[in-house]
There are 2 protein chains.
Amino acid sequence: MAGVTIRDVAKAAGVSTATVSYVLNNSRQVSEATRRRVIEAAQRLGYRANITARNLQASETRLLGYTWRPTPPDQFNPILDQFLNAIAQAAARHEYHILTFPTTSIEEENAIYREMVLTGQVDGFVLSNTNLDDPRVRTLLDIGFPFVAFGRSNPEWDFPWVDVDGTYGVLVATHHLLERGHRRIGCLAWPEASLTGQYRLEGYREAMTDAGLTVAPEWVRRTETAYEDAYRAACGLLSLPASRRPSAIVALSDLMAIGAMNAAADLGIEVGRELAIVGFDDAPVARFLRPPLSSLAQPISEVGERLATMLIDLVNGRRPAQAQVLLKPSLVVRASSAFRYTD
Amino acid sequence: MAGVTIRDVAKAAGVSTATVSYVLNNSRQVSEATRRRVIEAAQRLGYRANITARNLQASETRLLGYTWRPTPPDQFNPILDQFLNAIAQAAARHEYHILTFPTTSIEEENAIYREMVLTGQVDGFVLSNTNLDDPRVRTLLDIGFPFVAFGRSNPEWDFPWVDVDGTYGVLVATHHLLERGHRRIGCLAWPEASLTGQYRLEGYREAMTDAGLTVAPEWVRRTETAYEDAYRAACGLLSLPASRRPSAIVALSDLMAIGAMNAAADLGIEVGRELAIVGFDDAPVARFLRPPLSSLAQPISEVGERLATMLIDLVNGRRPAQAQVLLKPSLVVRASSAFRYTD
DNA sequence: CACCATGACTTAAACGTTTAAACGAACTAT
DNA sequence: ATAGTTCGTTTAAACGTTTAAGTCATGGTG
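For clarity, every value in this text was computed on a predicted model and none was experimentally measured.

Concerning the interface of chain A and chain B
Piece 1. Residue-level contacts link 58 residues of chain A with 57 residues of chain B.
Piece 2. In total, about 4700 Å² of surface goes out of reach between chain A and chain B, with carbon and sulfur atoms giving 63% of it.
Piece 3. Scanning the region where chain A abuts chain B turns up six salt bridges.
Piece 4. In this structure, Arg48(A) engages Glu115(B) in a salt bridge whose closest nitrogen and oxygen atoms are separated by 2.5 Å.

Comments concerning the sheet that holds strand β11 (residues 324-327) of chain A
Piece 1. Pairing within the open sheet is mixed, and its twelve strands lie in the order β11(A)-β5(A)-β4(A)-β3(A)-β1(A)-β2(A)-β2(B)-β1(B)-β3(B)-β4(B)-β5(B)-β11(B). Whereas interior strands pair on both sides, the edge strands pair on one side only; in this sheet they are β11 of chain A together with β11 (324-327) of chain B. Across the sheet, the mean angle separating the axes of adjacent strands is 20 degrees when strand polarity is ignored.
Piece 2. Note: strand β5 (residues 161-164) of chain A against β11(A), four bridges, orientation parallel. By the bridge assignment for β11(A), Val162(A) is matched with Val325(A).
Piece 3. Where helix α7 (residues 135-143) of chain B meets the sheet, it contacts β3 (124-128) and β4 (147-150) of chain B, and its direction lies at approximately 160 degrees from that of β3(B).

A look at the protein's contact with DNA strand C
Piece 1. In the vicinity of DNA strand C there are 27 residues, among which Ser16(A), Thr19(A), Ser31(A), Thr34(A) and Ile6(B) approach most closely.
Piece 2. Each atom of DNA strand C within 4 Å of the protein was assigned to sugar, phosphate or base; sugar and phosphate come to 56%.
Piece 3. Here Ser16(A) contributes a backbone N or O atom positioned 2.8 Å from a phosphate oxygen of DNA strand C.
Piece 4. Gln29(A) is positioned with one of its side-chain polar atoms (N or O) 3.1 Å from a phosphate oxygen of DNA strand C.
Piece 5. At the level of secondary structure, the elements contributing two or more residues to the surface near DNA strand C comprise α2 (17-25) and α4 (51-58) of chain A together with α1 (6-13), α2 (17-25) and α4 (51-58) of chain B.
Piece 6. Here the surface near DNA strand C gets four residues from one element, more than from any other, and that element is α2(B).
Piece 7. A breakdown of the residues in the surface near DNA strand C according to their chemical character gives eleven nonpolar, eleven polar and five charged.

Let's talk about helix α3 (residues 32-45) of chain B
All names here are of chain B.
Piece 1. Across its 14 residues, α3 extends 20 Å between first and last C-alpha, which sits within 8% of the 20 Å expected from 1.5 Å per residue.
Piece 2. Every buried residue of α3 is accounted for by Thr34, Arg35, Val38, Ala41 and Ala42. Projected down its long axis, α3 carries its buried residues within an arc of 135 degrees, all on one side. More than 90 degrees from the buried face of α3, the exposed residues found are Arg36, Gln43 and Arg44.
Piece 3. The inward-facing, buried residues of α3 contact α1 and α2.

Comments concerning the protein's contact with DNA strand D
Piece 1. In the neighbourhood of DNA strand D, 27 residues make up the surrounding shell, with Ile6(A), Thr19(B), Gln29(B), Ser31(B) and Thr34(B) lying closest.
Piece 2. A breakdown of the atoms of DNA strand D within 4 Å of the protein gives sugar and phosphate a share of 57%.
Piece 3. Residue Ser21(A) places a side-chain N or O atom 2.8 Å away from a phosphate oxygen belonging to DNA strand D.
Piece 4. Elements with a minimum of two residues in the surface near DNA strand D: α1 (6-13), α2 and α4 of chain A together with α2 and α4 of chain B.
Piece 5. Among the elements that make up the surface near DNA strand D, the one with the highest residue count is α2(A) (four residues).
Piece 6. Each residue belonging to the surface near DNA strand D can be placed in one class, and the counts come to eleven nonpolar, eleven polar and five charged.

Quick look at the sheet that holds strand β8 (residues 248-251) of chain B
All names here are of chain B.
Piece 1. A sheet is described by the order of its strands in space; here six strands give the open sequence β7-β6-β8-β9-β10-β12, paired in mixed fashion. With one partner strand each, in any of the chains shown, β7 (220-222) and β12 (330-332) form the two edges of the open sheet. Pairs of neighbouring strands in the sheet enclose a mean axial angle of 20 degrees, with direction left out of account.
Piece 2. With three bridges joining them, β8 and strand β9 (residues 276-281) adopt parallel strand pairing. Opposite valine 250, over in β9, you have valine 278 as the bridge partner.
Piece 3. Sitting on the sheet, helix α11 (residues 254-266) is in contact with β6 (185-189), β8, β9 and β10 (294-297), with an inclination near 160 degrees to β9.

The rules behind each value
Residues numbered from 1 in each chain as written. Chains lettered and ligands numbered in written order. Predicted model: local features only at pLDDT ≥ 70, side-chain atom pairs only at ≥ 80, totals over all residues. Heavy atoms only, no water. Contact = heavy atoms within 4.5 Å. Buried area = accessible area lost by both parts, 1.4 Å probe. Salt bridge = Lys/Arg side-chain N within 4 Å of Asp/Glu carboxyl O. Pairing = 2+ DSSP bridges. Helix = DSSP H or I, 4+ residues; strand = E, 2+ residues; numbered from the N terminus. Axes fitted to C-alpha atoms, helices over the stretch in contact; angles between N-to-C directions. Near = heavy atom within 4 Å. Polar contact = N/O pair within 3.5 Å; in protein donor to acceptor, adjacent residues only side chain to side chain. Nonpolar A, V, L, I, M, F, W, Y, C, P; charged D, E, K, R; others polar. Expected span 1.5 Å × (residues − 1). Buried < 20%, exposed > 50% of the residue type's maximum accessible area, 1.4 Å probe, protein only. Arc of directions from axis to C-beta.

Next comes the structure, spelled out in structure tokens:
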């Protein structure tokens, strides 16, 4: 397409292609006169180095792969936009770009990884939504290919990751509820298999223990992340006899929190007066709900930025300054939980 | 990284690299015996052709660029996930991948386009959120680089696009409201400069005219897309004297619809009984609102798929079968507008 | 004056493919 | 028997860079 090559510039400036390269990359001393001639010629012809050729010669691609599994239509992904944006911006600063490819299953993802590594399509990967013993992490560790992960996996595995401290977040949220006078606090949690779910739930338990409260088993409802499941689970919580029915619910995601809000409404319980709810993620829509939903905001942009720079370090054979980073989410208190509760 | 090249395979099979290439690409007759030897060797060594080298030689990248402007934190992008997914899946079927890069302004986007074209980083572009006289469309038309757009621009410009028929969508939505007994219908519209806004508004006007109703100027409120603006505009609509106050509102986006829902709630007007509201986009959250919000669902996956295949056709010098495609959105009726209204 | 170092540039190989052109052997048709 | 085809394969150029190694003045040093 572009068509103007380094040879054209060399000819126009009356020098060899090597000299042109040296001038343009500042990689060797060149006399001022020649330098000017080359630059002038390059500019006049509108020369821009062909990236593919450069990459071939450097045997790199300056591409970072990011896979994500598309969100089912009945759920939402509150962070894709921001996350993709953050990693792409950070990568661009180092002249890297993001290659995105959605996949449908972990197995497919794994296969695609191998393929991309073998064909040299990317220099590294960004994983997200990692889980305990994540096979993708295992694969990449085994073949020794550069990658970073948003999320932890097996604590025994040494690999670079950034994660948001779910334990801390839920601990803070639960403290907040305790501080507003709640004593019976329920939790909409995920199945045991979810590592992220484990961390978050731990925060809830810790806070309750700190406050000298015992967690009734019936207060912790494990459920899939889908809206309907959360709705049903919340109905269960709210149908407990008055003395054991929670006056506050911590939901491990905003979608689940919405399920809880609607369950409460359908049972005639007023959220923001009789019942407090806190979510996790601070989805954009949280502010617009009625009442506005308190939630834990994840520092997604920082996660993305750190991951990108870590990965670029790795790709270039440098050890990243910090290979494991745990960032704190921040609680955004809104009307769904701002009120003071008294029994 | 991968390390095993076509030369290694050639040596292992005792043939020239050309033969290996011919076998592996099926591009020339090769004797069965040699074919088997080559395939066996390739397999044994785990050979996969290096993509960069192949691309250089073919002077292509098999990469399609997609830029989007990140959504401001107080808004949401209900379609990025699905759209990216659709184009990436469709592209993958033809062994193309998507290079994403977020930008902050149209000007920056334009500059990046030029740069990417000149450096040969992508074979084509997917634009979205095009507007009247969109400078990006102009640039790409001028330099003659392959691209497709989600959205129309200047009707005089001949370029390939796919769009969702906003006029039709809002027409259907308005008909639906008329059919439920509404006579005073308001519209939360966008500033005149928005082409998409123009099309959608037209649907509203047409439906009203069809029904023999005149649109009171005060019923059409032009506003920015932000929540607060829509909220205020809706307050304006709902504060009209009873005889002129709309009993139904068509909002040109779900975010604006939410603004209207909350405005109504704050004014003590019950949505779903006294006031009907319809949005546009069918954001995932629409189902979970109270009442659930009626909305126009865009066939995003189809848009993405069509765009990707059109672009790949273009990149390969084929004219796409259909260069301009207008798809119909479908109205999803939920409780916010399902009731029958009587004055 | 011989020698070496330095500076400014060029030559040519390399990165890993694909593919046009050349080549030789085995057939086929005259 | 000879020329022309066909088949299967190899040779080598090409894609557009970067860069190690080489060349050749020039100038400084002992």
